[in-house]
Structure formats: structure tokens, C-alpha cells
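Fold and contact review
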Amino acid sequence: MADIKFEGWLGHSPESANGKMEWGSFEPKKWTEDDVDIEISHCGICGSDIHTLRSGWGPTPYPCCVGHEIVGKAVRVGNNVKNVKVGDRVGVGAQARTCQQPDCPECSSGNDTYCARLMVNTYAGEFPNNEGKSYGGYATHNRTNQQFVVHIPEGLSSADAAPMLCGGVTVYSPLRRFGCGPGKTVGIVGVGGLGHFAVMFAKAMGADKVVGISRKNSKREDVLKLGADEYIATDEDANWHKEHKRSLDLIISTANSPKMPLDKYLTLLKRGGDFVQVGAADAGDFPKINVFTLLTNGVKITRGG
């Protein structure tokens, strides 16, 4: 087949986070027979793109092409690839490769995204064996190991599917792992892109009550339309943490401000409840936790899902 020319929007410095990206060509990872080349039709926008472009989570290996909610058509498929054929509509999320070894506790148990031996992100990552650097989806094409190339179901538009490949799964995974469903009351802190998915998913999974939680009342109407049963505006509803004390079994926090009222959020949990943090600020900044809030309420705090 003819060689594919890989082009995309490249960031060359932290200034690229302010929109100073340049269109140009780049060299994808070296081809292996485990790879899939994708002609990109859609790519979602994620806050992680900005964090990476400005080196907010550590030094970024510029040039960098971000975008990790990729949907497109498979145009080249390696001989070792079993689950994809040329012409398939496929997607790629935030990860591109892990160690894939049978003795890896994570990879062998379906928890690949927690692999401690090797984690290549969809962009700004280094593949093993000198295969090169990973480049993301704000581009014409993407090359990714078959491990994280997934089929997009018929009946789901590419535009709707793309943001689910990171934003959607980021909240679906902890909702599922922590038992969202009938009999559970669930709070969603932060109702931006991730929070919108979380409210809809929690309701669709059958939670008895879903509560949207944000700073202002300006999002109340939209969040209730998405399916939330209640809404809390922490800057405007007086004594909200007292009125709703010990009312939730599970909280998914998509917020990433180091100034969020974490202690008050934790008091909303019933004894034994789970607070799951999925939002990540620059440099990993996070509010201080009062240990007595944990001890006196018997709640747990964890990350991801």
C-alpha cells in the first residue's frame, strides 16, 4: 500500500496550550505487525490535552500532538492483529500500550490501565524497543498497538462515540466498580463534560437517586434535565453539607480544584461510603484531608475506577 503521510496540530512549547500550535508532519511509531493505522474522522477534546501541552503534569516531550478520543477507519492492519480488519470503524482512548505479559497482575486480570511495568499514553509517550513516540488524534492519522484499538458499535455516531473513549469511560468505570445501581444514591461533583456523562450513566444504571453538585445554580436546570433528581450549589445553597449529611453511598468527583471543599463533600457520604476522585489538576494538587473526617464518618477516598 502507499505510504501514509501523518500530519497534525503540533505543540512545540508550553505556549501551545494557549492555541499556538502548528500544522505539520510527524513520524509515528515504527510499524509492527501488531499495529493499526487509523484514518481519523473525529477526535474529542479533553482537559488532559491542555495539561499536557503546558507541561502541567510533568515535562512534555515536544513536539506533541494531543487528542485521545479518536474515531476513524482502519486503513492498515498488521498481520498479528486478530480483532480488526481494514475498513472497520474503530476508536482509541487514552492508552496505547501496556506490557501485556501473562505474569503481569494488572494485564492478566483485565486491569491493563493500571499496569506498573509499561504505560504508553496515546500521546507524549514512548513505546518500548525504540519503536518511537506516540502522537494523538488532532491529526490525519493515528498508529496504535492493537491492544487499545476498539470497535465502535453500529448505531452510535462517531461524534457521540469519540468523547466516550476517555470522558465516558473515566466515569463509567468507577460507577460500575463501586456498585452504582438500584438501592444506591450517587453524587456527581462537577458537572462539566465528565459530570454530564456521570449523571446520565448513573441514572441509566438504575441508581435510586442521582445528585448533581456544582458551585453555582447556573447549571441546575441542565443537570436536572440530564436526569439528576437533586442539585446542590455549594456556593449558594446555605448549609448544604448539613442538610444532605450522610445521604449518599457513592460520590464521583470530576472537579480538580485544590480549593474544593473536600471535607464537606466527605460528610455527604453514608458510613462506609466511597469518594472516587477522577479529576486531576496540574502538578497533582489536591485539597488537604482532615483525618478525623475519615475516622468519624467511616468513609473511604480513592482514585479512578
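Residues numbered from 1 in each chain as written. Predicted model: local features only at pLDDT ≥ 70, side-chain atom pairs only at ≥ 80, totals over all residues. Heavy atoms only, no water.

Named according to an unreviewed UniProt entry, the protein chain is alcohol dehydrogenase (NADP(+)) originating from Xylaria arbuscula. Turning to the protein chain, the UniProt record has this under Cofactor (unreviewed entry): "Zn(2+)". (UniProt positions renumbered as here; feature names shortened; annotations may be inferred.)

To continue, consider the UniProt feature "domain: Alcohol dehydrogenase-like N-terminal" (unreviewed entry) in the protein chain. The UniProt entry lists residues 33-154 under the feature "domain: Alcohol dehydrogenase-like N-terminal" (unreviewed entry), expressed in the numbering used here. With 6% helix and 33% strand, residues 33-154 has its two end C-alpha atoms placed 27 Å apart. (Helix = DSSP H or I, 4+ residues; strand = E, 2+ residues; numbered from the N terminus.)

Once that is clear, we can look at the UniProt feature "domain: Alcohol dehydrogenase-like C-terminal" (unreviewed entry) in the protein chain. Under the UniProt annotation, "domain: Alcohol dehydrogenase-like C-terminal" (unreviewed entry) lies at residues 193-302. Here residues 193-302 is 33% helix and 25% strand, with 21 Å between the C-alpha atoms at its ends.

Turning to helix 3 (residues 167-177), its buried residues are Gly 167, Gly 168, Val 171, Ser 173, Pro 174 and Leu 175. Against the buried residues of helix 3 lie strand 12 (185-189), helix 4 (193-204), strand 15 (248-253) and strand 16 (269-277). Following helix 3 by one or two positions, Gly 179 adopts a phi angle in the positive range, close to 80°. (Buried < 20%, exposed > 50% of the residue type's maximum accessible area, 1.4 Å probe, protein only. Contact = heavy atoms within 4.5 Å.)

Moving on, we get to unusual backbone geometry. Glycine aside, a negative phi is what most residues show, and trans is what most peptide bonds show. In this structure, Pro 63 follows Tyr 62 across a cis peptide bond, with omega equal to 0°. The phi torsion at Ser 55 lies on the positive side, around 60°, for a residue other than glycine. Among the structural elements, Ser 55 can be located in the loop between helix 1 (47-53) and strand 4 (70-77). One non-glycine residue, Ala 124, lies in the positive phi region at around 60°. Relative to the elements of secondary structure, Ala 124 occurs in the loop between strand 7 (119-121) and strand 8 (126-127).

Moving on, we come to the sheet that holds strand 14 (residues 230-233). Strand order in the open sheet made by the six strands is 14-13-12-15-16-17, with parallel pairing throughout. Looking at which strands have only one partner, the edges of the open sheet turn out to be strand 14 and strand 17 (300-303). On average, each strand axis in the sheet is tilted by 20° relative to the strand beside it, whichever way the strands run. Across five bridges, the pairing between strand 15 and strand 16 is parallel. Residue pairing across strands places Leu 250 opposite Asp 274, the latter belonging to strand 16. Across the sheet, helix 3 lies against strand 12, strand 15 and strand 16, angled at about 160° from strand 15, the strand it touches most. Each of strand 12 and strand 13 (209-214) is contacted by helix 4, which is oriented at about 170° to strand 12, the strand it contacts most. (Pairing = 2+ DSSP bridges. Axes fitted to C-alpha atoms, helices over the stretch in contact; angles between N-to-C directions.)

Across four bridges, strand 4 lies against strand 5 (residues 89-92) in antiparallel orientation. Its bridge partner lying in strand 5, Gly 72 is registered against Val 90. Two strands pair when backbone bridges link them, and strand 5 and strand 11 (residues 149-151) are joined in this way by three bridges, in the antiparallel orientation. When the sheet's bridge partners are listed, Gly 91 is paired in strand 11 with Val 150.

To continue, consider the packing of helix 3 against helix 4. Packing of helix 3 against helix 4 leaves a shortest axis separation of 8 Å and a crossing angle of 45°. Considering their axes alone, helix 3 and helix 4 lie oblique with respect to each other. In the packing of helix 3 onto helix 4, the handedness of the crossing is right-handed. Residue-level contacts link Gly 167, Gly 168, Thr 170, Val 171, Tyr 172 and Leu 175 of helix 3 to Leu 194, Phe 197, Ala 198, Phe 201 and Ala 202 of helix 4. When its residues are assigned to classes, the contact of helix 3 with helix 4 shows eight nonpolar, three polar and no charged. (Parallel < 35°, antiparallel > 145°, perpendicular 65-115°, else oblique. Left-handed = near helix turned anticlockwise from the far one by under 90°. Nonpolar A, V, L, I, M, F, W, Y, C, P; charged D, E, K, R; others polar.)

So, about the packing of aromatic side chains. The relation between two aromatic rings is expressed through the spacing of the ring centres and the mutual angle of the planes. Across all of its chains, the model carries seven aromatic pairs by this definition. An angle of 75° between the planes, with centres 5.3 Å apart, marks the rings of Trp 9 and Trp 23 as edge-to-face. Of this pair, Trp 9 sits in strand 1 (residues 7-10) while Trp 23 sits in strand 2 (residues 22-25); the two residues are 14 residues apart in sequence, bridging distant segments of the chain. A relative accessible area of 42% means that Trp 23 is categorised as partly exposed. Ring geometry for Trp 240 and Tyr 265: centres 5.8 Å apart, planes at 50°, overall tilted. Of this pair, Trp 240 sits in helix 6 (residues 240-243) while Tyr 265 sits in helix 7 (residues 262-267), and the two are 25 residues apart along the sequence. For the pair Trp 240 and Tyr 265, one class covers both residues: buried. Members of the aromatic cluster, joined through ring pairs, are Phe 6, Phe 26 and Tyr 135. The ring centre of Phe 127 lies 4.9 Å from the NZ or CZ of Lys 29, which sits over that ring. (Phe/Tyr/Trp six-rings, centres within 6.5 Å; stacked < 30°, edge-to-face > 60°. Lys NZ or Arg CZ within 6 Å of the ring centre and 35° of its normal.)

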